[in-house]
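Residue-level listing of the chains:
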Number of protein chains: 2
Amino acid sequence: MTQWIRYRTDTGRTGFGTLGGDRIDEYEGDLFDGARPTGVTTALSDVVPLAPCTPSKIVALWNNFRALAAKLEKQVPAHPLFLIKPASSLAGPDQRIERPAGYGGRIAFEGELGIVIGKRARNVPPAETPGHIFGYTCVNDVTAVDVMNEDPNFTQWCRAKGHDTFGCLGPAISTDLDWRAARVVTRVDGAERQNYPLSDMVFSPAELVSLVSHDMTLLPGDVIACGTSLGVGSIRDGSTVEISIAGIGSLVNRL
Amino acid sequence: MTQWIRYRTDTGRTGFGTLGGDRIDEYEGDLFDGARPTGVTTALSDVVPLAPCTPSKIVALWNNFRALAAKLEKQVPAHPLFLIKPASSLAGPDQRIERPAGYGGRIAFEGELGIVIGKRARNVPPAETPGHIFGYTCVNDVTAVDVMNEDPNFTQWCRAKGHDTFGCLGPAISTDLDWRAARVVTRVDGAERQNYPLSDMVFSPAELVSLVSHDMTLLPGDVIACGTSLGVGSIRDGSTVEISIAGIGSLVNRL
């Protein structure tokens, strides 16, 4: 299993490479198209981690876990239901989640699996999706809960979930995750709040990539956030949220 | 009034410049940051027009005209209501609108004014927005109507409006439009279907840029589509839609 990370060095340069213990083997070129090792090795402790990719869009699913659908008494959907979080919402590991200016309402965490696209995907048949998935990362799909239903005529998904720093990704992209065996574990200030199996997903990663690629072209580095399950809740200013998936690592962000 | 266009030359090169009659004065560098004239002039008829900018996101308003709100019997909103059309939905003048694979339902046109951001905008006070607006363009906010309410629990704004080629922009960016005096006129196969005054907007361009910039960072080239008014409707395969705003020009796309 290879784990790719992006980082900023102490000279301000952005780099990327593979993680081995506490060392990074640096690469150059295009992460998604023939990246080459530079031969340079750096200590993880000497760099500032960045989001492992820079998506042009984050396609964020709603109602994609059977347990949450049952709790909400919603039917499981016939097609993936999603909104778009813009590129400007991106945040990396350890980056602060910023409360939007003038917003004093509730802010919620949602721990999720993220699919990282490796190859341009348009109208991809289900059997061909493995070639389009580069790997998997952790997502915190942060949400300004009180924005969502502020207007009685229009649910404000994009605004509530699209604020700067509300699309937390990382810490790494894992290329060989056995997602069927993995769980998403979310802790707030150390206390476990979510612990759900990815095998409960309505649409699998392969189905999501195929179906969404029929709705819009997915580009290398784009992320599909697979939706969350039971246990989402609010966080206070100063709280730290940790989303962990074994094989990927722990994504930690403080509000 | 300056009108900026982007185009592809017969050698496949992408260029941009200002329009004067049927001639283009070519520029080089960054359209939004110190573009310089090259001294080269080209005939408009010798190039293929492209969308005049390449937004990282299109922020598309809903319910932003009083006449349409009254007709739909909806209250005028207290804050701009929007969804996000991804960069992958972009289409330029004369480009074909493509019916999504496997979708046989209705496709609607929506003629709109587009605000083109010229300078990074984050938490911009209303009085400072003029410095952040580069100019204005025409938008056809194409919509797969039957996708929108396919699921009873989730209105699929981003999917219905986010398909490839559903974000038509052009033909030019006009830097000095008197939007208060302008009208949006939409013709389908030559027959007028919309003709509404921009002065009927709920949130003005300055208010939109300020308010949306408090929700998310707007980047140079990003577009705010100001929403539509009365007269939207469906188009048949093979129909041609023309969105015209005097001072900008006519954006023509065929389904």
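Remember, predicted model here, so these are calculated numbers, not experimental data. (Residues numbered from 1 in each chain as written. Chains lettered and ligands numbered in written order. Predicted model: local features only at pLDDT ≥ 70, side-chain atom pairs only at ≥ 80, totals over all residues. Heavy atoms only, no water.)

J.: Can you walk me through the interface of chain A and chain B in this structure?
T.: Put simply, an interface is often sized by how much accessible area is lost when its parts join up. With 34 residues of chain A in contact, the opposing surface of chain B contributes 34 residues. Carbon and sulfur atoms supply 58% of the area buried between chain A and chain B, which totals about 3,000 Å² over both sides. Counting the surface chain A buries against chain B, the share from its top three residues, Asn153(A), Phe154(A) and Arg159(A), is 20%. Along the contact surface separating chain A from chain B lie six salt bridges. The closest approach of N and O atoms between Arg159(A) and Asp215(B), which form a salt bridge, is 3.0 Å. Elements with a minimum of two residues in the side of chain A that touches chain B: strand 6 (57–62), strand 7 (81–86), helix 3 (157–162) and helix 4 (205–215) of chain A. At five residues, the largest contribution of residues to the side of chain A that touches chain B is made by strand 7 of chain A. (Contact = heavy atoms within 4.5 Å. Buried area = accessible area lost by both parts, 1.4 Å probe. Salt bridge = Lys/Arg side-chain N within 4 Å of Asp/Glu carboxyl O. Helix = DSSP H or I, 4+ residues; strand = E, 2+ residues; numbered from the N terminus.)

J.: Looking at this model, I keep getting lost on the relation of the copies chain A and chain B. Mind explaining?
T.: The pair of chain copies shares a relation made of a rotation about an axis and a shift along it. Laying chain A over chain B is done by rotating through 180° and shifting 0.0 Å along the axis; what remains is an RMSD of 0.0 Å. Such values leave the two copies arranged in the relation of a two-fold axis. Of every C-alpha in chain A, the one belonging to Ile84(A) sits nearest the axis of rotation, 3.1 Å from it. A share of 100% of the interface residues of chain A reappears at the interface of chain B, consistent with the copies meeting face to face through the same patch. (Least-squares fit on C-alpha atoms with pLDDT ≥ 70 in both.)

J.: Teacher, can you tell me more about helix 4 of chain A here?
T.: Quick reminder: α-helices carry 3.6 residues per turn. Residues three or four places apart thus point the same way. Within the span of helix 4 of chain A, buried status applies to Pro205(A), Leu208(A), Val209(A), Ser210(A), Val212(A), Ser213(A) and Asp215(A). In this structure, the buried side of helix 4 of chain A is in contact with strand 6, strand 7, strand 10 (111–117), strand 11 (133–141) and strand 16 (223–225) of chain A together with helix 3 (157–161) of chain B. (Buried < 20%, exposed > 50% of the residue type's maximum accessible area, 1.4 Å probe, protein only.)

J.: Help me out: how do you make sense of the environment of Ser213(A) in this one?
T.: Residues and elements named next belong to chain A. Within the fold, serine 213 resides in helix 4. Of the residues examined, serine 213 reaches a relative accessible area of 2% and is grouped as buried. Spatially, the C-alpha atom of serine 213 lies 6.1 Å from that of valine 124, the residues being 89 residues apart in sequence. At 2.8 Å, the side chain of serine 213 and the backbone oxygen of serine 210 are in polar contact. (Polar contact = N/O pair within 3.5 Å; in protein donor to acceptor, adjacent residues only side chain to side chain.)

J.: Looking at this structure, I do not really get the domain arrangement of chain A. What am I missing?
T.: All names here are of chain A. Assigned domains of chain A: these are domain 1 (1–50) and domain 2 (51–254). Computed over C-alpha atoms only, the centres of domain 1 and domain 2 are separated by 24 Å. The junction of domain 1 with domain 2 conceals about 1,200 Å² of combined surface from both sides, 59% of it contributed by carbon and sulfur atoms. Together, Met1, Trp4 and Phe32 form the three largest contributors to the area buried by domain 1 at its contact with domain 2, with a combined 46%. Summed over the shared surface of domain 1 and domain 2, the result is zero salt bridges. The interface formed by domain 1 and domain 2 includes five residue pairs in polar contact (both at pLDDT 80 or more). Those elements that place two or more of their residues in the side of domain 1 that touches domain 2 are strand 1 (3–8) and strand 5 (48–50). (Domains from an automatic or database assignment.)

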